[in-house]
Amino acid sequence: MKQLVVSAPPHLKTPRTTKRIMIDVVIALLPAAIMGVVLFGLYALLILALSVLSAVLTEYVYEIVAHKAWKSPSYFLDFWKGFDFTSVVTGLLLGMIIPANVPWYLPVLGAVFAIAVVKMLFGGTGKNVVNPAVAGRVFLFISFAAMTAYPVGKDFGLFAVYAPDNIVTGATPLTEYLAGNTVQVTKGMISNWLFGFGMTGCIGETCKIALLLGYLYLVIRKVIKFWQPLLYIAVTGLFAVCLEGFDFTAFLPSVLTGGLLLGAIFMATDYVTSPKSNLGNIIYFVALGLITAGLRKATGIEVVSFVILLMNIVVPLIDKFVPRRPFGYVREKKAKEVTSK
Amino acid sequence: MKAIKAKHLFHGVHVPDHKALASGKPIENAPEVDLFTVSLSQCLGKPSVPLVKAGDAVKQGQLIADAGGFIGAKIHSPASGTVKSVSDAIVIENDHTYETDYMPALSNPSPEEIKQRIADAGIVGMGGAGFPAFVKLNPQDPVDTLVINGAECEPYLTCDHRLMIERTKEIAEGIRLLSKALGVEKVFIGIEANKPDAIAAFEAFDFIQPVILKKQYPVGSEKHLIYACTGRKVAPGKLPASAGCIVQNVGTCYAVYEAVVLGKPLIERILTLSGGAVVEPKNYVVKIGTPFELLLKDNLTEDAEKIVCGGPMTGAALASLSRTVTKTTGGIVAMTKKETNVEQPTACIGCGKCADVCPMDLMPMNTAFYTAAGEYDLAAKLGGVMNCIECGACAYICPARRPLIQSIRKAKAEIRKGGKK
């Protein structure tokens, strides 16, 4: 008999590791990414690929330097054995939340910032305070004017060559709506919103059907809880209705246009930067919804990524001050009543 | 009585049960033992005090060690023969005559007689924790319900399942004696839904209410079994009696039957031998003090990676086979590398799955975080570690393979050392 392994219980473990969960998230993102390429052409594919590659390479280079791998060369390969796909998720997500007509170096810059500054400098996987992809987008958004002009899906055709000057850009349906242009919600319009045809927006956010497919996959694989994105989306929509003086036509435009679906399904639900308890999560998603609808009304621009960034910073506080009662817990007042009887 | 479904639900985790390996194997006698090594630590509590010395002749069932304190258990000789040595274990050489020295059988005993006999027979909780049974039978609070634990939610183990279908009448008699000793009318037996034959077997008795428990780990935990069967919650830090309930394992009920009706002290138990690295899974009747090596000698494959004493969710991994069977050994599980899934821990990603599955509604990730930082007060406050039952559900589900149970044990030990809570 060979040497027995001794460790603390339990001696059974679920087959679902961090790596497996991250691969699930990538799979869930794929439909929206593919639809982004269909709508915005192969240049969008280039942006997504650059974003993912530079995210992974940044993590690799950072780890090589941090581990002083030249002293123990086996680490050059060991990194890939322990690779957990979190940077692939970050890179893909970042590529999907920038417009398709930006210069090629923008996704590279954004990914390097997201991984090196936001994730690795704070301690790597699980230690980042804010969502790296969202922080990367906000970094690009406030640094480059190109981030504010959105191309129209289907204007390119799949094999269009990148030519920034020839692209028709416009305000997104959301900003148009927020600017006060009355939106007559028709059936054709809703299907355009759902499929993303003729819509302006970022690569991954225009096709809502693909995002919903990803949502279904994540729920079925139990990566996220079904109510988390729904809560965010519903609160945003309903609060927008309230702000418009109970005009229920405001619900669909504020839910189906802009980056709300992508943000609610893939960015706000990020494990590291969302609260850990159920009660904390309810507070977090309701607050996200309220602030999103309120700021949209106040500023007239799309604010989902900024709001997620803001709430990410509040998460440690929520975790600290939202208590979780143990099984069988009796409130002190009630306990006293019981004993006095 | 007709079985009812448990309505009260709590958090838990679905663990593949692997019970099919051994659940079809009838109980059989373990191989003959030449040398018994009976440990003096047979239960939760103080070790027992030996009453024999080297060279003494003993009979099967003779008292060889007295309880070391109020929470302690008497120990009886598993066979007739000669005492070879006495240290922290009593070694007895078997003369293979099995000459018995049992207590007299009791017919129609009073509640006091039953309690006394349970103490005299050295019966401890057979589920695994090994709390002396008679201590539980003298509760501080008024008790109106007896809950029998037939859940057996630990994967691989089938000893309680086999016992329930092969010795149903004996267990029912034990339950009747226990309810008489406690003076309670209401008796529930909670059985997990994956044992329909056992549930059907207990429907034949009109004083027992079988409850079908949802297949979920850890439904066999005392507090959660009470909640599933009766809807009562035991407050944190309180004993089940505070909710008017007493929980006993089916194995304990069988031991009570043997002690009262046959006069036989607790010298043997049912043990499951299972796992992917076992050639032929078995359910054995083993005598206390039987060496593990004898049980596994010809029955272990080459690729055994881990050998676990008890169930794989809470049992201890063994470094060698030098241990012997005690009153609480419900199983030996030999696992292959593929089954145990030993991996290096990676960084916590804060997914919160450990909190989702925690049956005690605690925050294991907070305990781990603050224990690593040496902040044990915060581990107790924000992690709730002192209420943990160490079921292992959190560490099972953790995708980052964090060693959560180690953190919890460390925090508990440090907090107890500091005397703070």
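Because the structure is a prediction, the values reported are computed rather than measured.

(A) Structural view of the side chain of His161 of chain B. All names here are of chain B. With respect to the secondary-structure elements, His161 resides in helix 3 (residues 159-166). On the basis of relative accessibility, which here comes to 6%, the residue His161 falls in the buried class. In contact with His161, other than residues within four places in its own chain, are Ser23, Glu152, Lys195, Asp197 and Ala198.

(B) Spotlight on the interface of chain B and chain A. Between chain B and chain A, the contact holds 65 residues from the first and 39 residues from the second. Buried surface at the junction of chain B and chain A, summed over both partners, amounts to about 4300 Å²; 61% is from carbon and sulfur atoms. Summed over the shared surface of chain B and chain A, the result is 2 salt bridges. For Asp356 of chain B, the salt bridge is made with Lys225 of chain A, and the minimal N-O distance between the two is 3.0 Å. Across the chain B-chain A interface, the total number found is 14 residue pairs in polar contact (both at pLDDT 80 or more). Elements with a minimum of two residues in the side of chain B that touches chain A: helix 6 (222-230), strand 16 (304-309), strand 17 (316-317), helix 9 (337-340), helix 10 (353-357), helix 13 (393-397) and helix 14 (404-418) of chain B.

(C) The pairing of strand 14 (residues 268-274) of chain B, seen in detail. Residues and elements named next belong to chain B. With 7 of 7 residues buried, strand 14 is to be regarded as a mostly interior element. Side chains of strand 14 alternate between two faces, with Glu268, Ile270, Thr272 and Ser274 and Arg269, Leu271 and Leu273 buried alike. Across 6 bridges, strand 14 lies against strand 15 (residues 282-287) in antiparallel orientation. Across the sheet, Glu268 pairs through a bridge with Lys287, a residue of strand 15. Bridge count for strand 14 against strand 18 (residues 331-336) is 3 bridges, and the pairing is parallel. From the neighbouring strand, Thr272 faces strand 18, where its bridge partner is Gly331.

(D) Main features of the nonpolar core. Counting residues in hydrophobic clusters, the biggest one holds 89 residues, and the most contacted among them are Tyr232, Phe266 and Leu288 of chain A. Of all the elements, helix 1 (residues 18-40) of chain A adds the most residues to this core, at 12 residues. Among all residues touching Leu288 of chain A, those that are not within four sequence positions of it are Tyr232, Ala268, Val307, Ile308 and Met311 of chain A. By size, the runner-up hydrophobic cluster in this structure holds 58 residues, among which are Ile226, Cys229, Val247 and Cys358 of chain B.

(E) Here's a closer look at the domain arrangement of chain B. All names here are of chain B. Domain boundaries in chain B define domain 1 (33-96), domain 2 (106-262), domain 3 (267-342) and domain 4 (353-418). In this structure, domain 1 and domain 2 have C-alpha centres spaced 27 Å apart. Summing both partners gives a buried area of about 770 Å² for domain 1 against domain 2, and 66% of it is carried by carbon and sulfur. Per-residue buried area on domain 1 facing domain 2 is highest for Leu44, Phe70 and Lys74; these three make up 53% of the total on that side. At the boundary of domain 1 with domain 2, the tally comes to 1 salt bridge. Counting across the domain 1 and domain 2 interface gives 3 residue pairs in polar contact (both at pLDDT 80 or more). The residue makeup of the side of domain 1 that touches domain 2, split by class, is 5 nonpolar, 3 polar and 1 charged.

Rules of the game
Residues numbered from 1 in each chain as written. Chains lettered and ligands numbered in written order. Predicted model: local features only at pLDDT ≥ 70, side-chain atom pairs only at ≥ 80, totals over all residues. Heavy atoms only, no water. Helix = DSSP H or I, 4+ residues; strand = E, 2+ residues; numbered from the N terminus. Buried < 20%, exposed > 50% of the residue type's maximum accessible area, 1.4 Å probe, protein only. Contact = heavy atoms within 4.5 Å. Buried area = accessible area lost by both parts, 1.4 Å probe. Salt bridge = Lys/Arg side-chain N within 4 Å of Asp/Glu carboxyl O. Polar contact = N/O pair within 3.5 Å; in protein donor to acceptor, adjacent residues only side chain to side chain. Pairing = 2+ DSSP bridges. Core = buried A, V, L, I, M, F, W, Y, C linked by side-chain atoms within 4.5 Å. Domains from an automatic or database assignment. Nonpolar A, V, L, I, M, F, W, Y, C, P; charged D, E, K, R; others polar.

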